[in-house]
Amino acid sequence: PLTLEEVQMLVELFYLPYHHGPMAQHLLEHFRWLRANSLSVGVPATAPDACGGTCWRGRAQSFQLLCAQTCRLHSRFVSSAGRALLYDLHPYLWDIRNMLLAASAFVLWLGCQSITAPILLGGDAEPWAHRGGLFGELQALLPVGNSWDLFYHPPPLFPSSQPYLLRPLLPLDKEAGWLELSRGRLGPRWQLSGAPALAGRLLGSFLSLSPEYTFVLEDEDGLCGYAAGALSAEGFLQQRDSSWLPATRHKYPRDLGADAPALGQEALLFFHAEPPTVPLPVLRRFPSLVQLGTAPRVLDVGASRSLAVCLLSALRANGSRGVFCQVSAGDRQQLSFYSKLG
């Protein structure tokens, strides 16, 4: 059963209208302070404002711990609560879990940046634009603001206790072999959205040219999703076509496909095909490029939504006005994924 401390956490998250319990208040205070002082974060830590950076990272760690406790509370509540109580309260706790997955990863991303991120305020919205309570106040602090509601989904009919971790791609990940993603060397459980070599084909250029806007989703079995973006799609696509694709084609020549397994052949065909041209009006109106995917075992659309919101927050924090994605008309898996996402 739930412990007394977990019940107290639950009460503090949903205390009274316009009033929060101590835990919820700490979440908001940390998030407000981290956002307001993110420009003082120095990377590396030996920057002139290293003292301020150390303080910022200490507050960020406290915020991460509170987010992790709340996400664990969601999993424990689904596993331990009685059915009647579960279906009454789960929608609210599920919303908070999804919000904190995105907020926690966004704060981690702020701490990884070697550039200052000019977070843009969303302006004064009408009161009805934000949902009430802790969720609404956290939503207002993310750079995407009201855009979160573009991805509104009802809570799952059958609640799942599966825990998730959402975070930015870190430099150490490359040393740990995460760049195997860009080479299509993935076993069956790593194939994202069910498409062979999808991760290698779609992530390779992002990992090489825009790793600072790449986020990963993990569950108990490991990697289960990704979100990648390029702040300036026009420059990214030019660099991809002029340097990354020629280097990849030279490394993996077309005649290599004769002896390659089916997974490798599909990747080779992709690398050697001419990429479609993005119309200039699209690039002008939607300056950033995004790509997302999850493994088939990710049935909770809330986790996918958190992936999208976190990536959009990072792009918006650095001034992006809009995003687009490229999907093949014949790629039913990706089309289905984006349709379900909204």
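Starting from 1, residues in each chain are numbered consecutively following that chain's sequence as written. Only residues with pLDDT of 70 or above have their local features reported here, since the model is predicted, and side-chain atom pairs are shown and tallied only from 80 upward, although totals for entire chains, interfaces and linings are computed over all residues. In computing side-chain values, all of the structure's heavy atoms are included and hydrogens and water are not.

S.K.: Tell me about the overall build of the protein chain, and please be specific about residues and values.
M.R.: Working definition: helices are DSSP H or I runs of at least four residues, strands are E runs of at least two. Numbering for both runs from the N terminus. Scanning the protein chain from N- to C-terminus turns up 12 helices and 5 strands. Residue burial is assigned from relative accessible area. The probe radius is 1.4 Å, only protein chains are included, and a residue is buried under 20% of its type maximum, exposed over 50%, and partly exposed in between. Relative to its full complement of 342 residues, the protein chain shows a buried share of 48%. The contact criterion used is simple: two residues touch if any of their non-hydrogen atoms lie within 4.5 Å. For the protein chain, the share of sequence-separated contacts (at least 6 apart) that also reach a separation of at least 24 residues comes to 76%. Of the roughly 16900 Å² of accessible surface on the protein chain, 61% is carried by carbon and sulfur atoms. Only the protein chains shown count as cover for residues, with accessible areas throughout obtained via the Shrake-Rupley method and a probe of 1.4 Å.

S.K.: I'd love a proper account of the packing of helix 4 (residues 83-112) against helix 11 (residues 301-317), names of residues and values included.
M.R.: For helices, the fitted line uses only the C-alpha atoms of the stretch in contact; every axis is such a line through C-alpha atoms, and the angle between N-to-C directions lies from 0 to 180 degrees. Two elements in contact, helix 4 and helix 11, have axes whose closest approach is 9 Å; the angle formed by their N-to-C orientations is 35 degrees. Pair helix 4 / helix 11 crosses with right-handed handedness. Contacts between helix 4 and helix 11 involve Trp94, Asp95, Asn98, Leu101, Ala102, Ala105, Phe106 and Trp109 on the former and, on the latter, Gly302, Ala303, Arg305, Ser306, Val309, Cys310, Ser313, Ala314 and Ala317. Here the residues of the contact of helix 4 with helix 11 are counted per class, giving 11 nonpolar, 4 polar and 2 charged. By definition, turning the near helix anticlockwise from the far helix through less than a right angle yields a left-handed crossing, and turning it clockwise yields a right-handed one. Under this grouping Gly is polar, as are all residues other than the nonpolar Ala, Val, Leu, Ile, Met, Phe, Trp, Tyr, Cys and Pro and the charged Asp, Glu, Lys and Arg.

S.K.: Give a description of the confidence of the model for the protein chain that names residues and reports values.
M.R.: With 76% of its residues at a pLDDT of 70 or more, the protein chain shows a mean pLDDT of 80. Long-range and interchain partners of residues 42-48, a stretch whose pLDDT sits below 50, account for 9 contacts in this model, where long-range means more than four residues apart. Across residues 122-129 the pLDDT falls below 50, and counting only partners more than four positions away or on other chains, this stretch makes 5 contacts in the model. Confidence per residue, as judged by the predictor, is encoded in pLDDT with a range of 0 to 100.

S.K.: Go over the sheet that holds strand 2 (residues 214-219) with me, naming the residues and quoting the values.
M.R.: Being paired, for any two strands, means DSSP has found at least two bridges between them. In spatial order, the strands read 1-2-3-4-5; together these 5 strands make up an open sheet with mixed pairing. Only two strands of the sheet have a single neighbouring strand rather than two, namely strand 1 (165-168) and strand 5 (323-324). Of the strand pairs in this sheet, strand 3 (residues 222-230) and strand 4 (residues 288-294) are connected by 6 bridges, and their pairing is antiparallel. Within strand 4, the residue paired with Gly229 across the bridge is Val290.

S.K.: Can you tell me about a nonpolar patch on the surface, naming the residues and giving the values?
M.R.: A surface patch of nonpolar side chains, amounting to about 360 Å² of accessible area, comprises Val7, Val11, Tyr15 and Leu16. Here Val11 lies in helix 1 (residues 4-13). What goes into a patch is any residue over 30% in relative accessible area without a salt bridge, connected to like charges within 9 Å or, for nonpolar side chains (Val, Leu, Ile, Met, Phe, Trp, Tyr), within 5 Å. Just to be clear on terms, a salt bridge is a Lys or Arg side-chain nitrogen sitting within 4 Å of an Asp or Glu carboxyl oxygen.

S.K.: I'd like a rundown of the side chain of Arg97, residues and numbers included.
M.R.: Structurally, the position occupied by Arg97 is in helix 4. Residue classification places Arg97 among the buried positions, given a relative accessible area of 2%. If sequence neighbours within four positions are ignored, Arg97 has contacts with Cys71, His74, Gln162, Tyr164 and Asp300.

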